[in-house]
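Summary of the model geometry
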Amino acid sequence: MKIAVTYENGQVFQHFGHTEFFKIYSVDGGKISSADVIGTNGSGHGALAGFLKEQGVDTLICGGIGGGAQEALREAGIKLYGGVSGNADAAVEALLDGTLGFNPDVKCSHHEHGESHSCGGHGHDGGCGHGGHSCGH
């Protein structure tokens, strides 16, 4: 199993399409056997699913993610755990022990507005706080 996490300064980065780094964890027997931080080389929204597939990733943990990227991940056969925030290593450990809190309906659909903001980490109440953007549930 290979798990990728959108990554910045040890934390789960909150906007999949703008992530500059992934931390990729190799898992054997339910335990992390190795972890490496890799750059995306400027790949954006559409190319990131292919980039992850090339790395052998089958699972992604991230913050906010748009519908198009979710579809690209589905097509690439990568399982998504979105709406996650906090420490990246802790998120992977939580996934492995079955306690990861994530949002199966995470959405970040501001892309059509041509705007950029950090989307994700909305908490369990579904509030977004990005006035006028349709992020969250």
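Residues numbered from 1 in each chain as written. Predicted model: local features only at pLDDT ≥ 70, side-chain atom pairs only at ≥ 80, totals over all residues. Heavy atoms only, no water.

1. Details of the pattern of salt bridges
Heads up, the rule is: Whenever Lys or Arg places a side-chain nitrogen within 4 Å of a carboxyl oxygen from Asp or Glu, that contact is recorded as a salt bridge. Each helix corresponds to a stretch of at least 4 residues labelled H or I by DSSP, and each strand to a stretch of at least 2 residues labelled E; elements are numbered beginning at the N terminus. Partly exposed describes any residue whose relative accessible area lies between the buried limit of under 20% and the exposed limit of over 50%, with all areas from a 1.4 Å probe on protein chains only and scaled to the type maximum.
For the structure shown, the criterion picks out two salt bridges. With a closest N to O distance of 2.9 Å, Lys23 and Asp89 form a salt bridge. Linking Lys23 in strand E3 (residues 21-28) with Asp89 in helix H3 (residues 88-96), this pair joins segments that are 66 residues apart in sequence. Classification of Lys23 as buried rests on a relative accessible area of 12%.

2. A word on H3
Going by this rule: What the arc describes is the spread of directions from the helix axis to the C-beta atoms. In what follows, a contact means two residues having at least one pair of non-hydrogen atoms within 4.5 Å. Pairs of N or O atoms are called polar contacts if they sit within 3.5 Å, as long as, within protein, a hydrogen donor faces a hydrogen acceptor (for residues adjacent in sequence, only side-chain-to-side-chain pairs).
Every buried residue belonging to H3 is among Ala88, Ala91, Val92, Ala94 and Leu95, and all of these are buried. All buried residues of H3 fall inside an arc of 160 degrees around its axis, so they share one side. Residues of H3 that are buried make contact with strand E1 (2-8), strand E2 (11-12), E3, strand E4 (31-39), strand E5 (59-61) and strand E6 (79-81). For H3, the side-chain oxygen to backbone nitrogen distance between the N-cap and Asp89 is 2.9 Å, and the N-cap itself is Asn87. A positive backbone phi angle near 80 degrees is found at Gly98, which sits one or two residues after H3.

3. Describing the packing of aromatic side chains
Put simply, the test is: Within 6.5 Å between ring centres, the rings of Phe, Tyr and Trp (the latter by its six-membered ring) count as paired, and their orientation is classed by plane angle as stacked under 30 degrees, edge-to-face over 60, tilted in between.
Scanning all chains against the criterion turns up three aromatic pairs. Ring geometry for Phe16 against Phe22: centres 6.2 Å apart, planes inclined by 55 degrees, an arrangement best described as tilted. The exposure class of Phe16 is buried, given its relative accessible area of 1%. Given a relative accessible area of 0%, Phe22 falls into the buried group. With a centroid separation of 6.2 Å and 25 degrees between ring planes, the pair formed by Phe22 and Phe51 is classed as stacked. Here the residue Phe22 occupies a position in strand E3, and Phe51 occupies one in helix H1 (residues 45-54), the gap between them amounting to 29 residues. Both residues of the pair, Phe22 and Phe51, belong to the buried class. Among the aromatic side chains, those forming a connected cluster through ring pairs are Phe16, Phe22 and Phe51.

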